[in-house]
Structure formats: C-alpha cells, structure tokens
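# Residue-level structure breakdown
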Amino acid sequence: MLILIAEDDELILKTIEHKLLKEGYEVIVTRNGKDAIDRIRDTNVDLVISDIMMPFASGTEILSAIRSVGRNIPVIMLSSLGQEDVVLNAFDLGASDFMVKPFSPTELILRIKRLIPK
Amino acid sequence: MFLYVSIHDLFLIFLGILFLVLVLIGVLLSYVLYQHTVSRHMREWSVMIENKIADAIVYSHEERSSDEMFDLYSKKSPFRYLFLEKLVASKKKFSGSAQQTIQQLFIDYNLQIEALQKLKKKKAHLIAVGIQELTVMEMAVYLPQISVFLKYPSSQVYQEAQYAMVVFKGFDGLSFLNEFSYTISDWQQLRLLRSLKTIPEDSIAPAIGWLKSRNTSVVVFTLRLLRKFQVFSVYEHVRELLTHTSIDIRLQAVRTLQSLENIDTVTHLTDDYGNQPAELQLQIMKTLKRSDDKRCCDFFRFQLLNHPRADVKLAAAEALVSLGAKDDLLAISGDKTSPDRLVQIIKHALGERLC
C-alpha cells in the first residue's frame, strides 16, 4: 500500500511518515501542493494525506486535481481549528475524511485502515 | 603648517586607513561566518530534534535505539533551548498519547531548568515565554514561582501568569481577581474564559465580590463568566449593576440579564429603560427583541412614536416587525397624520424584514 503525505510542517510530516513505515506502508513525502500533484499524477498511490494550507497549491487544490482526472483515491485532509468552511468545501470536492490539528497519529492510522483495509 | 604634508605622511595615512578597512572587513566576515555556522547548527539540530520527537511518538521506549549524539548535544545550553522551543511547539500539534510522550521528553531531559532560568531574566518577553513553557508542559509544581508574576508590571508577563493559574487551578486560579488593579484585555478575558471548563457550585461568593470590584475589567470579565456558566442565582446582583457609573459594565449587565433571563426580566429592563443613555437603551431594545415576548409590543410602539432619536425608533420598529406586529406598523405608516420621518423609518424596518 502506497501512501502520499503532503505536509509542510516538518515534524508532522516526519511523525506521520515514521508511523506509516512502522505500520508497513510505503510512503511518499511531499512538502508542497504542486509537488504532491505531480507525484500523484506519476504514481499509483492508494491514499493521500494532505494538509489544507500548503505552499504553491492547497490541499483542496490537490483534491480537485485528483478528482478532475477521475481518480477515486481516498484523501484524508488535515486542517487547523477554525477552518470549518474549508473543510466543508473539501467534503464537497470529495474528501474521504478529515482530522483537526492537534491530532492523534494513532487515530490517523485507524482512519487509514478503515479507508484502505490491507 | 598643516599644508606641508609630505608624500611619506600621506602614504602612512593611506596605510592606516587601509588597515582599518581590512580590520573592518575581517570583523564583518567573522560575524557572517559565525552567523552562518550558528544557522547551520540550528538547521542540523532542528532536524535532529524533530527526528527525536517523531521517533518518540511512534516507537516505544524499548523499540528506540540509544542516540549518543543526541544525548551529547543535549548537554549544550543552546541545543537545550532549541529542544525546549521545539517541544513546546510540537505539543500544540498533537493530541492523545503523543502529547504525553512529548511531555515525558521534557521531563526526561530536565528542560524545566531552562524554562525556570527564563523566569529569572529581566526581559519581559523571556519571562512570559518561560511561564508559557511551564504551562504547556503542565508543570503545576512550579505554580508558586509563576504566581509571583501575577503582579508584574508587564502585561505580557502577568497575562501568562494569569493563564497559567487558570489552566492549573481552574476557577480557583481566578483568585487573583480579588486584588487585581491592571486592565484585563478583551483578548485575555476570552482566553481565560476558554480555558475554564467548569465552575464549582460555591463559586457564587467570590463572583459577587468581583462584581463589586473597582476594576471595570474585572467586573466585565465576571459578567462574561456568569453568562458562560449560566449562574442564575446572581441575577439580582447583576441587576444592581444597571446603575453602575461605567457604561461598559451596564452594557454587559444587560447582556448578562438576557442570558440569565427569568419571567420578570422584561419588566425589569423596561422599568429601567428611561434611566439609561441612548446607547444602553438600544442594547435593552435588542435584548427585549430577542426575548420574543409579546408584552413588549406596547413598549416598542411607545418608543417608536415618542423617542427623539431615529436609531432608537428604527430599533423599535424592527422589534415590532420581529414580534409580528407588522399590521400595526402599516396602520401607523398609512395614517396621514404620521410624520414623514416616522413613515420612512417604518418602511425601512419593513423593507429590511421583507428582504
């Protein structure tokens, strides 16, 4: 199972990456939205975890790019408190799930397992 | 005599200036090199610390291999300050067991030493950061050291100390209000209110005391607190504040009475209405409108027809629309004896409602 993480916060990125690797997933890390869109286009990822606010392209733009080419990859959005309107917009665009920061990495793994059972 | 300077002297002066310029360039280059080295270290240390935190969150103590390099650096003061800063920032990013792990790293590496050192600094922002670090890391054991700063002259410092008291002690942490003479900013009031999850049943006595404070911001904060926790038993004490000298307090009192509303609130507010300035009268209008009580129709009608101010008339007309007295308003506006200004106000109120 290949999971792409799009996150510009280095600590959150590393924690999710290490957690996924420990759980036996393969991981691609990207630190900005544009890079994430390029990598998703070039690879067959099984799931995307994306922060909403990111440089060059936001999480919702990544989501739009995925859905515009008809790909049905599950996408988990990470948002900060007070971004309710952005979260609702993300659900309209087809986000599968979202988590509000501060978040629990253990809970994130549970949500991933629900979306892509091994 | 100054005009007769030999070429030899000029050459010496030139050499002197050149030497000074070279020394200056040398100092500048050393500084740039030092800064570069520091920022390179900071970058390397940041990566090292982030890996340490991420590993600690993901792997159990037994699964982690010992990191001698990290332990070596963790004895250096600049590294420890950066580690502390990163830990505090990271605790705000995670929830659940990850937060506990971060706090355990703080304890394992004795980083309270650095946080406590900041409390001894003279610069206010450093003291504030020290208090914040101890608060985020839930070091309630250092409350005595933090409480010293409740009367510190810098708002940055006393606000952090107040917040720490409330985070650690809940409602009891508000005891600083008993003798607090500085202003509590709106932002700080909201911050304190947000951190309070519950208040005990015996909270009424101190709250009544704060309502009598000479510090306007303490009274305003207490009124907000009573609203948030719906302390109905203080209703009469809040009502007494409608005659307070401060308009701000009276405004908050009206809002609080609305929140603690009982069957007599409408009567209390309409009785007191005539004693208040226009600003308060408008607030009372809004409160009565929200009460949705048909008994207010006569009151609003009287204000619409007799109050000298257009904004109060408009508020009365809007309240009547809200209470379903549209036909009354149409009758008044249709009456040929009604002044043009009154008709315009009514049409405006009806128009807004229709939109």
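Residues numbered from 1 in each chain as written. Chains lettered and ligands numbered in written order. Predicted model: local features only at pLDDT ≥ 70, side-chain atom pairs only at ≥ 80, totals over all residues. Heavy atoms only, no water.

By the naming in an unreviewed UniProt entry, chain B goes by HEAT repeat domain-containing protein and is assigned to Sphingobacterium gobiense.

You'll find chain A entered in an unreviewed UniProt entry as Response regulator, with Sphingobacterium gobiense given as the organism.

## Overview of the layout of surface pockets
Residues and elements named next belong to chain B. As a volume, the largest pocket reaches approximately 880 Å³. Lining of the largest pocket is provided by 21 residues; of these, Lys-92, Val-136, Tyr-163, Val-167 and Arg-194 occupy positions nearest its centre. Those elements giving two or more residues to the lining of the largest pocket turn out to be helix 6 (124-136), helix 8 (155-169) and helix 9 (186-195). The greatest single-element share of the lining of the largest pocket, amounting to four residues, is contributed by helix 8. Within the lining of the largest pocket, the residues separate by chemical class into seven nonpolar, six polar and eight charged. (1 Å grid on protein atoms, 1.4 Å probe; cavity = no way out; pocket = protein on both sides within 12 Å on 5 of 7 lines; lining within 4 Å. Points joined across faces, edges and corners; volume = space filled by probe spheres on them. Helix = DSSP H or I, 4+ residues; strand = E, 2+ residues; numbered from the N terminus. Nonpolar A, V, L, I, M, F, W, Y, C, P; charged D, E, K, R; others polar.)

## Thoughts on empty space enclosed by the protein
Residue and element names in this part refer to chain B. All chains considered together, the criterion is met by one cavity of 30 Å³ or more. By volume, the largest cavity amounts to about 50 Å³. Considering the residues around the largest cavity, the lining is formed by Gln-258, Glu-261, Thr-265, Val-266, Leu-269, Thr-287, Leu-288, Arg-290 and Ser-291. The dominant element in the lining of the largest cavity, judged by the number of residues it contributes, is helix 15 (residues 278-291), at four residues. In terms of residue class, the lining of the largest cavity is built from three nonpolar, four polar and two charged.

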